[in-house]
Amino acid sequence: NNNNNNVILLLLLFRIQYKEACFSFSCCGYFSFKMFVRVLRMRNNLASALHQRLFQSTSTKIETFPLGNGSNQRIPVIGCGTAVFEDIGPAQKNKSAEYATSIGNYIVDTGIRPLLIDMAYMYGNEAALGSVLKNRLSMGDVQRDELFICSKIAHFNCPEGNPPHLECSYVEDPNLDAMEGAFNEIKTSCGNLDMGPVNLMLLHWPGHPDTSDAKLAKRKRAEIWKALELAKDEGLVKDIGVSNFSVSHLEELAAESKFTPCVNQIERHPYLLQNDIVQYCRENDIHIMAYCPLASGGLSLIDDPVLVQMAAELEMTVSDLIMRWHVDSGVTPVPKSKNAERIKKNLTLPPTPLSSEKLARINALGAKEYRVCPAPHNIV
C-alpha cells in the first residue's frame, strides 16, 4: 500500500509540473499569475508529502517508557548520546561541537523513530545539532513529535579542558545567584536549539566533586532547581529532571521543591549498578537514564568473559546484550558514537527480552563497582 501511494504521489507531482509549465508559457495577467503561484505551492506540498512518506515507509519504530511524576510524555527505551571527548580526564579534549553536524545527520538517517537525542550546554553542541535537526525537519525527514530532545545545564567548571568546557560560574561562585544564572543558561540552551519547548532539561551535576562546602552546594542545588521549575512553568521545557544525583541529593530536593524530577540520569552499566539510587527512583516514580551504558570502553566491559560467553549463546554482540539488559531492567541507555554504522547498531535493540536467569548473571558483575565518572555520593 505504501508503495502504491508513493507511485500515485509521483504521478500527481509530474502531472502538476506539466500543468505548471503550460501556465508559465501560455498564461498572462494577474489572474493567471495567481493560478501559477497556487499550482507551484501545490507542487511543493506534494513533493514534501512524497519525501515524508518515503521516509516513513522505511522507518523502524521502537518502544517507549512512560515518564512519571505528572509527565504526559513517553521516552524512547534507548537513545543517542552526542558528547565526544578524547583523552578522558581533567584535561580531556571536547570534540562535541566538531562532530555535532555529522552525528545529528547520522541519527536521523538511522530511520529509528522516535529518536531520543541527549546533549548538554557544556558540550557546546546544541546550536549545531539544532541546526541539523531543523534542516531535516524542513525536508520532512523527521517530524518534531518523533524527536525527544534532552539537554542538561549547570555542569561544574572544568577550566583545564581542551578547549575548556563552557563555563557555568554560578554553580560554584558564592557571590552569584544560581537561580538567575541557571535560568539564563536554560534560555540560551533553548535558543541554541530553536525547536520550541525542549522535551527534557536536566540539572547536570549536584555540585563539584572536589567541593567541601556542603552548605553552599545545597543552596546552589536549590536555586538551580527553582530555575528549572520556572522554565517548566513558563513553557520553555516540558519536563525537568536531574543527573548524577545520589539518594541524599534526591531526598534533600524532595523536601523543598515544587516539582519532583521525572528523570535521574546516572552512570550505569554491568560493572556499576547503583542499586540504592535505582531503587529510590523507582519508589518515587523517577525514570532512570544510563550514560556510559557500555562503560565508555575504558573498563574493558565488552571483553568480560561472562558477557562474551552469554552473547555467543544468544548469537548477538556483547554491546547488543548490554543494551538489552538495560532496557529489560527498565532503564533507558544513551550510548554515544560518532560512527554512522555504530549509531544505528546502538539503536537497533535485539527483539527478544533476556531471561531472569541471564539478567541475574549480568547483575552479579555489579559487585566490581567500577566507575568512569565521579561518584555522586561523594559530592556534598
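Residues numbered from 1 in each chain as written. Predicted model: local features only at pLDDT ≥ 70, side-chain atom pairs only at ≥ 80, totals over all residues. Heavy atoms only, no water.

### A closer look at the nonpolar core
One finds Ile-149, Ile-153, Tyr-170, Ile-186 and Ile-224 to be the most contacted residues of the largest nonpolar core, which totals 93 residues. Not counting residues within four places of it along the chain, the set of residues in contact with Ile-224 comprises Ile-153, Ala-154, Tyr-170, Val-171, Ala-178, Ala-182 and Leu-203. Grouped together as the second largest cluster of nonpolar side chains are 5 residues, Ala-83, Phe-85, Ala-120 and Tyr-123 included. (Core = buried A, V, L, I, M, F, W, Y, C linked by side-chain atoms within 4.5 Å. Buried < 20%, exposed > 50% of the residue type's maximum accessible area, 1.4 Å probe, protein only. Contact = heavy atoms within 4.5 Å.)

### Describing the pairing of strand β11 (residues 237–243)
Buried residues dominate β11, accounting for 6 of its 7 residues. Sheet analysis places strand β10 (residues 198–203) next to β11, joined by 5 bridges and oriented parallel. Across the sheet, the residue bridging to Leu-203 is Val-242, located in β11. Note that the unit made of β10, helix α6 (residues 214–233) and β11 has a crossover that is right-handed. (Helix = DSSP H or I, 4+ residues; strand = E, 2+ residues; numbered from the N terminus. Pairing = 2+ DSSP bridges. Right-handed = clockwise from strand over helix to strand, strands pointing away.)

### Section: the packing of aromatic side chains
The full count for this structure, using the stated rule, is 3 aromatic pairs. Measuring from ring centre to ring centre gives 5.4 Å for Tyr-271 and Tyr-370, while their planes differ by 85°; the resulting arrangement is edge-to-face. Linking Tyr-271 in the loop between β12 (263–267) and α8 (275–283) with Tyr-370 in the segment after α12 (356–363), this pair joins segments that are 99 residues apart in sequence. Tyr-271 gets classed as buried once you look at its relative accessible area, which sits at 5%. On the basis of relative accessible area, Tyr-370 is assigned to the partly exposed category, the value being 40%. (Phe/Tyr/Trp six-rings, centres within 6.5 Å; stacked < 30°, edge-to-face > 60°.)

### Examining the environment of Thr-188
Positionally, Thr-188 belongs in helix α5 (residues 178–193). Its relative accessible area of 38% is what places Thr-188 among the partly exposed residues. The sequence separation of Thr-188 and Ala-127 amounts to 61 residues, and the corresponding C-alpha distance is 9.7 Å.

### Topic: the sheet that holds strand β4 (residues 80–81)
Reading across the sheet, the 8 strands line up as β4-β8-β9-β10-β11-β12-β13-β14 and stay open at both edges, with parallel pairing between neighbours. Looking at strand neighbours, the two that pair on one side only are β4 and β14 (332–333), the edges of this open sheet.

### A word on unusual backbone geometry
The peptide bond linking Arg-113 to Pro-114 adopts the cis configuration, its omega dihedral lying at -5°. The topology assignment puts Pro-114 in the loop between β7 (112–113) and β8 (115–118). In this structure, Ser-300 is a non-glycine residue whose phi angle is positive, near 55°.

### Focus on the side chain of Asp-320
Take Asp-320: it is sitting in helix α10 (residues 318–328). By relative accessible area, which is 8% here, Asp-320 ends up buried. Here Lys-345 takes part through its side chain, which lies 2.4 Å from a polar atom of the side chain of Asp-320. Setting aside chain neighbours within four positions, we find Asp-320 in contact with Lys-345, Thr-348 and Pro-350. (Polar contact = N/O pair within 3.5 Å; in protein donor to acceptor, adjacent residues only side chain to side chain.)

### Brief notes about helix α11 (residues 340–347)
Residues that lie three or four places apart on an α-helix share one face, since the helix turns once every 3.6 residues. Buried within α11 we find Ile-343, Asn-346 and Leu-347. Looking down the long axis of α11, one finds its buried residues gathered within 95° of arc, a one-sided arrangement. Residue Asn-339 occupies the N-cap position of α11, its side-chain oxygen lying 3.0 Å from the main-chain nitrogen of Glu-341. (Arc of directions from axis to C-beta.)

### What about the packing of α5 against α6?
Closest axis-to-axis distance for the α5/α6 pair is 8 Å, and the angle between their directions is 40°. Taken together, α5 and α6 sit at an angle that is classed as oblique. Crossing handedness for the pair α5 and α6: right-handed. Together, Ala-178, Met-179, Ala-182, Phe-183 and Ile-186 of α5 and Lys-220, Glu-223, Ile-224, Lys-226, Ala-227, Leu-228, Leu-230 and Ala-231 of α6 make up the contact between the two elements. (Axes fitted to C-alpha atoms, helices over the stretch in contact; angles between N-to-C directions. Parallel < 35°, antiparallel > 145°, perpendicular 65-115°, else oblique. Left-handed = near helix turned anticlockwise from the far one by under 90°.)

### Digging into α5
With 16 residues, α5 extends 22 Å between its outermost C-alpha atoms, agreeing within 8% with the 22 Å of an ideal straight helix rising 1.5 Å per residue. Taken as a whole, α5 has its buried residues at Ala-178, Gly-181, Ala-182, Phe-183, Glu-185, Ile-186, Ser-189, Cys-190 and Leu-193. The inward-facing, buried residues of α5 abut α4 (126–138), β9 (147–153), β10, α6 and β11. Regarding α5, its N-cap is Asp-177, as a side-chain oxygen of that residue lies 2.9 Å from the backbone nitrogen of Met-179 further along. Within two residues after α5, Asp-194 carries a phi angle of roughly 50°, on the positive side. (Expected span 1.5 Å × (residues − 1).)

### Concerning the environment of Leu-203
Here Leu-203 lies in strand β10. For Leu-203, a relative accessible area of 0% gives the class buried. Each C-alpha atom, one on Leu-203 and one on Asn-264, is 9.1 Å from the other, the two residues being 61 residues apart in sequence. Every residue in contact with Leu-203, bar those within four places of it in the chain, is listed here: Ile-153, Ala-154, Arg-221, Ile-224, Trp-225, Leu-228, Gly-241, Val-242, Ser-243 and Phe-245.

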